[in-house]
Amino acid sequence: MIKVENLFYSYTKDSKYAVDDVNFEVAKGEAFGFLGPSGAGKSTTQGILTGLLPMQDGLAEVAGYNMKNPSRKMFNKLGVSFEQSNVYGKLTALENLEFYRKLFDVETIEPNVLLEIVGLSHVANKKASTFSKGMKHRLTFARSMLNKPELWFLDEPTTGLDPAIANQIKDVIKEKSKEGSTIFLTTHNMFIADELCDRVGFIIDGVLKLIDSPRNLKLKYGQKLVDIEYKDGNEIKKDSFSLIKEEERLKLNHIINNYEIELMHTKEATLEEIFIKVTGRGLV
Amino acid sequence: MKKIFTITMRDIVSSLRDSMIIYIIIFPFILAVILRMMTSSVGATTVNIAVDNSIDSTMVEYLEDFGNVETFDSIERVNKRVNDTDDVFGLTKKGLTYSIIQEGNERASSVDLLEYMVSSYENQNLDLPIEVEVSDIGWNLSPIKQYGGNLLIVFISVFGGMIILINLVEEKQENTLSAVNVSSITRTQYVIGKGLLGFMVPIIHSIGILAILNYGQINYLMVIVVILCIAMISVLIGFLIGVTNDNILGAISSMKMLFIPILGSIFGAIFLGSQWHYLLYWSPFYWAFNALNSIILKEATWSGVLLNCSIIILITGIIFALLSKKIKRGLN
Ligand SMILES: Nc1ncnc2c1ncn2[C@@H]1O[C@H](COP(=O)(O)OP(=O)(O)OP(=O)(O)O)[C@@H](O)[C@H]1O
Ligand SMILES: [Mg+2]
């Protein structure tokens, strides 16, 4: 569905690349997560793949169209949810969707249904300018689903939403993914990426460092840890041991045999920890 | 086609919720009303006539082109009407003679006027070129009305472009343009849809202004053609400023710069001797003013109007060629 080869992009048209020699492919029906800290080049990549930024150097094929000169028809297959919500403030939520659906040549979903899905039914007839940030973001998200996209670009769909709503949105994406939509998801939320994505790519400073499935990454980079809390006399002590290293396992054994255990649980490495390990940088 | 209409409809809905745009839409009508009040007090621009049933309906229709006609069913009632405080003449016909009834407070020039109207109506049957004489006497066109209405119409041709501008800047501010850019509407459809208002608004404005100022039976189709041509400039400038600006007030004040060449060319056309008019040939607004002037005076011919329009289109075409690249870039 997406094929990117040696993609470069510079806003200043010099060698300061926001996207630097990026290569990847996303198969039909796959959910691909694009992870990276702020300024890594995620939105820039999505911008190029959706035709909002011009192709500078390299090759990009989206839904069978070469992005050097894409056809307008391509957009019937695409859904794009923006990082920064962009809706008409003077129109109501419903009017925003009614307007947008008419710009497509393909069958569209009933706006009211979408408003229900993103929890905006009760404000369907309110002007979007009166909406909170999160509400606008949900409207932007809902709009991107109107044309039942085969390929769905989601730039931080859950950022700025309260956890319950973020969870709902996640479920919607999961549902669509199950139905066979291809998903290109940019996010800071590692839990969502972990749960939704078949594969994830780590990008930093425009460079794609690594692509793999969350499971493989955990097997490869994650080490099983045991967190433990025990009583030493009257004092409660905390410690954490790797199950892989012999020396640490023995220490753990020693504690279990000689002290009263208060709390003990195993912990898998999160994608975030793996990210930090691989790239040496946090995800913020 | 459907998509073009969708874009236009959205702009209309959005515009009607914008107080600044509402103001822009209403303002020209207010100006026209003010202008009308000024002109009716300046000269004898209208004649009020009360007629009885001895005057046949074609005559009444004819008179209505030049003044306000009230019909009464008897000569007594006409007399009573004439006796009221305002300027009203009575008109009645006995056999072949018309008689004008006046109270004494009417303007002398108005009496001449009515006499002239009656005789020119009768002479009509002799196939005399009455129309021309009627214009020559200039009774219903004081200079303020003749030039004022025309100036107003050319002036407001900019307002359509301004509405486009406001909607475009808003679209940039809210970044909804990006959403449109990832839908399957083409750039051309979008631009046409956005541009339509720039023509619709001045047409509505100019017809409203002409109706308010009551020029009588002028050729509205010619007016519309001229408006369509001259509005192109404003649409173009509206787009250009709209796509390069993120601030509505700033954008509007740049657009207001257009008023300088407009006022310059129109006052030039009014006050410069005709041997100096070539100095204004570069200005499409001059040509529009020129065409409208002959339409208002009922002297216009289609060939004349179309010639002026061609010149306007030519100048606009040159401007478009210079600016189109910039506009296209701004829409990305
Ligand atoms: N319009 C622009 N003009 C110039 N530079 C830009 C522009 N947009 C982004 N950049 C730069 O390009 C780089 C990549 O930005 P991009 O928006 O793609 O990051 P991102 O990964 O989406 O970050 P975030 O997680 O904050 O959304 C950054 O260094 C940013 O400063
Ligand atoms: Mg981003």
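Within every chain, residues take consecutive numbers counted from 1 along the sequence as written. Here the convention is simple: chains get letters from A, ligands get numbers from 1, in the order in which they are written. Only residues with pLDDT of at least 70 are given local features in this predicted model, and only at 80 or more are side-chain atom pairs given and counted; all residues enter the totals for whole chains, interfaces and linings. The basis for every side-chain value is the complete set of non-hydrogen atoms in the structure, without hydrogens or water.

Looking up chain A in an unreviewed UniProt entry gives the name ATP-binding cassette domain-containing protein, with the organism given as Alkalibaculum sporogenes.

### Topic: helix α14 (residues 302-330) of chain B
Throughout, bend refers to the angle between the axes fitted to the seven residues that end at a position and the seven residues that start at it. The helix and strand labels rest on DSSP assignments: H or I over at least four residues marks a helix, E over at least two residues marks a strand, and numbering proceeds from the N terminus. Along α14(B), the sharpest change in direction is near 50° and occurs at B:Leu323. For this analysis, residues touch if any pair of their heavy atoms sits within 4.5 Å. In this structure, the buried residues of α14(B) make contact with α7 (143-173), α8 (176-181), α10 (220-244) and α13 (284-296) of chain B.

### A word on the site of ligand 1
Residue and element names in this part refer to chain A. Lining the immediate environment of ligand 1, one finds 13 residues, of which Ser38, Lys42, Ser43, Thr44 and Glu83 sit closest. In this structure, an oxygen atom belonging to ligand 1 sits 2.7 Å away from a side-chain N or O atom of serine 43. A distance of 2.2 Å separates an oxygen atom of ligand 1 from a polar side-chain atom of glutamate 83. Where accessible areas are quoted, they stem from the Shrake-Rupley method and a 1.4 Å probe; at the residue level, only the protein chains shown are allowed to cover. Coverage of ligand 1 by the protein chains reaches 58% of its 640 Å² of free accessible surface. The cutoff for a nearby residue is simple: one of its non-hydrogen atoms must lie within 4 Å of the molecule or strand. Whenever a nitrogen or oxygen atom comes within 3.5 Å of another N or O atom, the pair is scored as a polar contact, on the condition that within protein one atom can donate a hydrogen and the other can accept it, and that pairs from neighbouring residues in sequence are kept only if both atoms are in side chains.

### Details of the domain arrangement of chain A
Frequently, the measure chosen for interface size is the accessible area removed from exposure when the parts meet. Here the limits of each domain have been adopted from an automatic or database domain assignment. Under the domain assignment, chain A is made up of domain 1 (2-219) and domain 2 (223-267). When each unit is reduced to the centre of its C-alpha atoms, the spacing between domain 1 of chain A and domain 2 of chain A is 43 Å.

### A closer look at the sheet that holds strand β6 (residues 78-81) of chain A
All names here are of chain A. Whether two strands pair comes down to DSSP finding at least two bridges between them. One open sheet accounts for 6 strands, arranged β6-β7-β8-β3-β9-β10; its pairing is mixed. Edge positions in the sheet fall to β6 and β10 (207-212), since each has one partner strand and no second. Strand-to-strand twist in this sheet, taken as the mean axis angle between neighbours without regard to direction, amounts to 15°. Here 5 bridges tie strand β7 (residues 151-155) to strand β8 (residues 182-187), and the two strands are oriented parallel to one another. Within the sheet, the bridge partner assigned to phenylalanine 153 lies in β8 and is phenylalanine 184. With axes taken as lines fitted to C-alpha atoms, and helix axes fitted only over the stretch in contact, angles between N-to-C directions fall between 0 and 180 degrees. Contacts from helix α7 (residues 214-221) reach β9 (199-204) and β10 within the one sheet, and its direction differs from that of β10 by about 95°. Helix-sheet contacts for helix α9 (residues 271-279) involve β3 (31-35), β9 and β10, and the interaxial angle to β9 is about 45°.

### What to know about the coordination of the magnesium ion (ligand 2)
Sites may look incomplete because water is not among the atoms; the donors themselves are N, O and S atoms within 2.8 Å of the metal, or within 3.2 Å for Na, K and Ca. Coordination of the magnesium ion (ligand 2) by the protein comes from A:Ser43 (OG), A:Glu83 (OE) and A:Glu83 (OE), over a distance range of 1.9 to 2.7 Å. Of this pair, A:Ser43 sits in helix α1 (residues 42-49) while A:Glu83 sits in the loop between β6 and α2 (93-101), placing them 40 residues apart in sequence.

### Looking at the layout of surface pockets
Take a probe with the size of a water molecule and roll it over the atoms, and the empty space left behind shows itself. Looking at the largest pocket, its volume works out to about 990 Å³. Taken together, 32 residues form the lining of the largest pocket, with A:Gly47, A:Gly51, A:Leu52, A:Leu53 and B:Asn332 sitting closest to its centre. When the residues that make up the lining of the largest pocket are grouped by side-chain class, the tally is 14 nonpolar, 11 polar and 7 charged. Considering only enclosed or pocket space, the second largest pocket measures out at about 440 Å³ in volume. Only protein atoms enter the 1 Å grid, on which a cavity is a set of points fitting a 1.4 Å probe that cannot get out and a pocket is an open set with protein on both sides within 12 Å along at least 5 of 7 lines, lining residues being those with an atom within 4 Å of a point. Around the second largest pocket, the lining is made up of 18 residues, and of these B:Val191, B:Val235, B:Leu236, B:Phe239 and B:Phe320 lie nearest the centre. Looking at the lining of the second largest pocket, the elements that each hand over two or more residues are α9 (187-213), α10 and α14 of chain B. The greatest single-element share of the lining of the second largest pocket, amounting to 7 residues, is contributed by α9(B). Just so you know the grouping, Ala, Val, Leu, Ile, Met, Phe, Trp, Tyr, Cys and Pro go in nonpolar, Asp, Glu, Lys and Arg go in charged, and all remaining residues, Gly too, go in polar. A breakdown of the residues in the lining of the second largest pocket according to their chemical character gives 11 nonpolar, 5 polar and 2 charged. Grid points are joined across faces, edges and corners, and a volume is the space filled by probe spheres set on the points.

### Details of the domain arrangement of chain B
Parsing chain B into structural domains produces domain 1 (2-39 + 142-331) and domain 2 (47-122). Taking only C-alpha atoms into account, the centre of domain 1 of chain B sits 41 Å from that of domain 2 of chain B.

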